[in-house]
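A structural walkthrough
Chain by chain, the residues:
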Amino acid sequence: MTVSVRGEAKTAEPNTGDPTIVEVKLGARSYDIVIGRGIIASLGARIAALRPGAKTFIVTDETVARHVLAGAESVLDRAGIKKDSVVVPPGEGSKSFGVFERVCEAIIASRIERGDLVVALGGGVIGDLAGFAAAVVRRGLDYVQVPTTLLAQVDSSVGGKTAIDSRQGKNLIGAFHQPILVVADTALLDTLPPREFRAGYAELVKYGFLGDAAFFDWLEANWKDVFAGGPARDHAIAVSCRAKAAIVARDERETGDRALLNLGHTFGHALEAACGYSDRLLHGEAIAIGMALAFDFSATRQGLVSKAEAARAIRHLAAVGLPTRISDIPGPLPPLDRLMELIAQDKKIKRGKLTFILVRGTGAAFIETGVEAAEVRAFLSEKLAGR
Ligand code: NAD
Ligand code: GLY
């Protein structure tokens, strides 16, 4: 593949050829997200262009290693880039102190120095874990994200949030550390299990819900093509990355607007925690239920959006096969008091008020800091009774 690092179009109309490049504009820390089918073949050339002579250290998980590691390594070999790697177990359990220590020690043992690069090859778990290791080993190494799940391509690989989990909650130990490059090869998604693809779709359609009604209209008409692959998939990923890049450029540290990306996350994180971060409920599935609840709450409890518009959003999530109701979660859930504790832990209660991302319509989310905890409790009680 011929690589033209400069001069590629920065637009993202559906196309069948060149990769799309979206720039995350953060001054001296700006970087490109490169999106396209088969573009992992250009990884070595892109890294060599950005950091001539740098060595690399790949962090990946066992499943991704089976599908992609050998190919990624040979691409680096062909560009004359030295590489080492560590392979960790798949799943959220790898965002732990134990695995984090293993990854840090392996990076140090491979004599990676400042000026060299960590490569996060995997889904959101690997991106968060490797990104955090890169943030702290030798007081900070540069890293490249090579996201291999839909969720990682549209969300977690962009924006520099890195973290591992504490026993007391998810993502509680971490750092903001931006990558220097994101290479999102959409062909890598072909091996993703359908359930994982759907979970990633929840984070993709979120951009429509939170700020882009036209994108939601387009997804309603074209979602089957997004699932099938090809130009529609690449287009949807590019639109999502552009939306996220714009928000991150405005508010890198989440002091304002970036919180909009948490649409569905307050309910979602509580449900995910209630299921013990297990296979019972994947992160994206929890966010799908959380977004459905946010629309429902905005319509029925806050009168912000019509019931018909909320129903349309929820109908779309269900149509793609995502769960939308608490009753869709298999197995037992903790009682209401515990769910409220989990919600309070995720977004602290201040004088009985919670911060939620609510909607005035599709594409019109906003941050509401004054939601009465009692109102949320009554709403959840009603939803739990429906189980
Ligand atoms: P994941 O990384 O666990 O990947 C899901 C599963 O798919 C894993 O079993 C993995 O091995 C497998 N897999 C990955 N790529 C594959 C491929 N190409 N083919 C076949 N199988 C493949 O999970 P995820 O859904 O990508 O990410 C979830 C994580 O992301 C959570 O920890 C969440 O907190 C985090 N997250 C972070 C941010 C952020 O901004 N940093 C945003 C959203 C989510
Ligand atoms: N996924 C939320 C954020 O990046 O801010």
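Shown above is the structure to which this text applies.
The sections below set out a description of the structure shown in this document.

The rules behind each value
Residues numbered from 1 in each chain as written. Chains lettered and ligands numbered in written order. Predicted model: local features only at pLDDT ≥ 70, side-chain atom pairs only at ≥ 80, totals over all residues. Heavy atoms only, no water. Near = heavy atom within 4 Å. Polar contact = N/O pair within 3.5 Å; in protein donor to acceptor, adjacent residues only side chain to side chain. Areas by Shrake-Rupley, 256 points an atom, 1.4 Å probe, with all protein chains shown as cover. Nonpolar A, V, L, I, M, F, W, Y, C, P; charged D, E, K, R; others polar. Helix = DSSP H or I, 4+ residues; strand = E, 2+ residues; numbered from the N terminus. Expected span 1.5 Å × (residues − 1). Buried < 20%, exposed > 50% of the residue type's maximum accessible area, 1.4 Å probe, protein only. Arc of directions from axis to C-beta. Salt bridge = Lys/Arg side-chain N within 4 Å of Asp/Glu carboxyl O.

1. Examining the site of ligand 2
- Taken together, Asp155, Lys161, Lys244, Glu254, Arg258 and Leu261 make up the full set of residues near ligand 2.
- A distance of 2.9 Å is found between an oxygen atom of ligand 2 and a side-chain nitrogen or oxygen belonging to lysine 161.
- Summarising the interface, the protein chains cover 88% of the accessible area of ligand 2, which totals 200 Å² for the free molecule.
- Residues of the shell around ligand 2, tallied by class, amount to 1 nonpolar, no polar and 5 charged.

2. Looking at helix α3 (residues 97-109)
- With 13 residues, α3 should cover 18 Å at 1.5 Å per step; its first-to-last C-alpha distance of 18 Å lies within 8% of that length.
- For α3, every residue scored as buried is listed here: Val99, Phe100, Val103, Cys104 and Ile107. Axial view of α3: buried residues confined to an arc of 135°, hence all on one face. Across α3 from its buried face, at more than 90 degrees, point the exposed residues Phe97, Glu101 and Ala109.

3. Quick notes on the pattern of salt bridges
- Scanning the entire structure with this criterion turns up 25 salt bridges.
- With its nearest N and O atoms 2.4 Å apart, the salt bridge here joins aspartate 142 to arginine 51. One end of the pair, aspartate 142, is in strand β6 (residues 142-147); the other, arginine 51, is in the loop between α1 (43-50) and β3 (56-61), and 91 residues separate them in sequence.
- We classify arginine 51 as partly exposed; its relative accessible area is 25%.

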